[in-house]
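# Notes for the structure review
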Amino acid sequence: MVICITGASSGIGFSLANYLGKKGYKVYGVSRRKIESPLFYSISADITDHNQVSSAVAEIKGHEDRIDVLINNAGMGMVGTVEGANKEEIIRLFELNVIGATQLMSAVLPIMKAQKKGKIINISSIGSEMGLPFRGFYSASKAALDKLTEALRYEVYSWGVEACILHLGDVKTGIAEKRIQSGVSEDYQETYRKIYEQINAHVDSGISPERVAVYIEKLLGKRKFKAHYYCGKWGQRAAVTLKRLLPQTLFEKLMKKYNQLP
């Protein structure tokens, strides 16, 4: 099985590429920074650049003559207020989290359709199911990817191509180092500082990238994909169910309490 993973130079992508490589899969990792690993082949490409994406996929196709799985893992976080974000920050986030993922799908789909077979796993967030305080644009970018994936499922199933969304809770990685931090005005500062400390604490106590890799390997063994899968701590997964069952005002009260909002 030939697998293409984006964002494979660090964090979840690196752990996943190494894990699947050890398991005997043929893994190609696409990231801006090329790295050396005996377990997977690294290709340097900026997935927000259409030409670089095309070249990366052509390189894989040249080596293997097929691509069985695409795992769209590359992404970044963003923290700050909805009010304080500027246009350039918002565009930068959506270019990677939405447009970059879409360009990879567009590049591999002709190959998968010709094969009459293929699987796409788009890495999203449990935060895409709800607007998170001071992470509104991150939630929005992942929610956009969710809806694109749902639409894609209708469009490609007749070719034997499947797509799903994997919503992750907090994972212990270095994501904090690469987040976009937008402006926060003085009137939000006290609350924001407290929430930001909580955000980082939740990441530090999150599940391991290796646990995500094990979960994804199980997904690869499924005969048919559901649209949505969830991997994370029990409380974070439970929040998705509560969001669906409770009135919005009651859910918001619980979220305010959980986030210790004034």
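Everything numeric here is computed off the predicted structure, so don't read it as measured data. (Residues numbered from 1 in each chain as written. Predicted model: local features only at pLDDT ≥ 70, side-chain atom pairs only at ≥ 80, totals over all residues. Heavy atoms only, no water.)

### As for unusual backbone geometry
The criterion, for reference: Working definition: helices are DSSP H or I runs of at least four residues, strands are E runs of at least two. Numbering for both runs from the N terminus.
With a phi angle near 65°, Asp 65 is a residue other than glycine that sits in the positive phi range. Take Asp 65: it is sitting in the loop between helix 2 (50-64) and strand 4 (69-72).

### Re the sheet that holds strand 7 (residues 161-168)
Within a sheet, neighbouring strands are paired by backbone hydrogen bonds and run either parallel or antiparallel to one another. The cut-off we apply is this: Any two strands with at least two DSSP-identified bridges between them are counted as paired. Working convention: axes come from line fits to C-alpha atoms, limited for helices to the stretch in contact. Angles between N-to-C directions cover 0 to 180 degrees.
Ordered in space as 3-2-1-4-6-7-9, the seven strands form an open sheet in which the pairing is parallel. With partners counted over all chains shown, the strands left at the sheet margins are strand 3 (41-44) and strand 9 (228-231), one partner each. Averaged over all pairs of adjacent strands, the angle between strand axes in this sheet comes to 20°, irrespective of strand direction. Where strand 7 meets strand 9, four bridges bridge the pair, whose relative direction is parallel.

### With respect to the packing of helix 2 against helix 3 (residues 87-115)
For clarity, the threshold we go by: The handedness criterion is simple: a crossing whose near helix is rotated anticlockwise from the far helix by less than a right angle is left-handed, and one whose near helix is rotated clockwise is right-handed. Contact definition: two residues touch when any of their heavy atoms are within 4.5 Å. By the convention adopted, Pro, Cys, Tyr, Trp, Phe, Met, Ile, Leu, Val and Ala count as nonpolar, Lys, Arg, Asp and Glu as charged, and the other residues, Gly among them, as polar.
At a minimum axis separation of 9 Å, helix 2 and helix 3 run at an interaxial angle of 35°. Our pair here, helix 2 against helix 3, has a crossing hand that is right-handed. Of the residues in helix 3, those touching helix 2 at His 50, Val 53, Val 57 and Lys 61 are Gln 103, Leu 104, Ala 107, Val 108 and Ile 111. Looking at the contact of helix 2 with helix 3, its residues break down into six nonpolar, two polar and one charged.

### Observations concerning the packing of helix 1 (residues 11-22) against helix 6 (residues 209-220)
Using the following cut-off: Should an angle fall under 35 degrees it is taken as roughly parallel, and over 145 as roughly antiparallel, whereas 65 to 115 is taken as roughly perpendicular and any remaining angle as oblique.
Relative orientation of the contacting elements helix 1 and helix 6 amounts to 55°, with a least axis distance of 9 Å. Comparing the axis directions of helix 1 and helix 6 gives the class oblique. The two elements helix 1 and helix 6 cross, and the hand of that crossing is right-handed. In this structure, helix 1 uses Gly 11, Ile 12, Ser 15, Leu 16, Tyr 19 and Leu 20 to contact helix 6, whose residues at the interface are Pro 209, Glu 210, Val 212, Ala 213, Val 214, Ile 216, Glu 217 and Leu 220. Grouping the amino acids of the contact of helix 1 with helix 6 by side-chain chemistry returns 10 nonpolar, two polar and two charged.

### A short note on helix 4 (residues 136-156)
The condition is simple: An expected span of 1.5 Å times one less than the residue number is assigned to each helix.
Taking 1.5 Å of rise per residue, 21 residues should cover 30 Å, and helix 4 covers 30 Å from first to last C-alpha, within 8% of that figure. Check the buried side of helix 4 and you find it contacts strand 5 (78-79), helix 3, strand 6 (118-125) and strand 7.

### What to know about a positive patch on the surface
Our working rule: Patches here are clusters of residues that have more than 30% relative accessible area and form no salt bridge, with a 9 Å joining cutoff for like charges and a 5 Å cutoff for nonpolar side chains (Val, Leu, Ile, Met, Phe, Trp, Tyr). Per-residue and other accessible areas were derived by the Shrake-Rupley procedure at a 1.4 Å probe size, with only the shown protein chains allowed to occlude residues. Should a side-chain nitrogen of Lys or Arg be within 4 Å of a carboxyl oxygen of Asp or Glu, the pair is scored as a salt bridge. For the charge count, each Lys or Arg is scored as positive and each Asp or Glu as negative, with His and the chain ends excluded. Charge placement uses NZ in Lys and CZ in Arg. For Asp and Glu, CG and CD serve respectively.
Positive charge collects at one region of the surface, where Arg 32, Arg 33, Arg 92 and Lys 178 lie side by side. Within the fold, Arg 92 resides in helix 3.

### Topic: the packing of aromatic side chains
Using the following cut-off: Aromatic rings from Phe, Tyr and Trp, taking only the six-membered ring of Trp, are treated as a pair when their centres fall within 6.5 Å; an angle between ring planes under 30 degrees marks them as stacked, one over 60 as edge-to-face, and anything in between as tilted. The classification of residues rests on relative accessible area computed with a 1.4 Å probe and restricted to protein chains. Under 20% of the type maximum is buried, over 50% is exposed, and intermediate values are partly exposed.
Across all of its chains, the model carries six aromatic pairs by this definition. Ring plane angle 65° and centroid distance 5.4 Å describe the contact between Phe 134 and Tyr 192, whose orientation is recorded as edge-to-face. Taken as a pair, Phe 134 in the loop between strand 6 and helix 4 and Tyr 192 in helix 5 (residues 189-204) lie far apart in primary sequence, 58 residues in all. The residues Phe 134 and Tyr 192 share a single accessibility class, namely buried.

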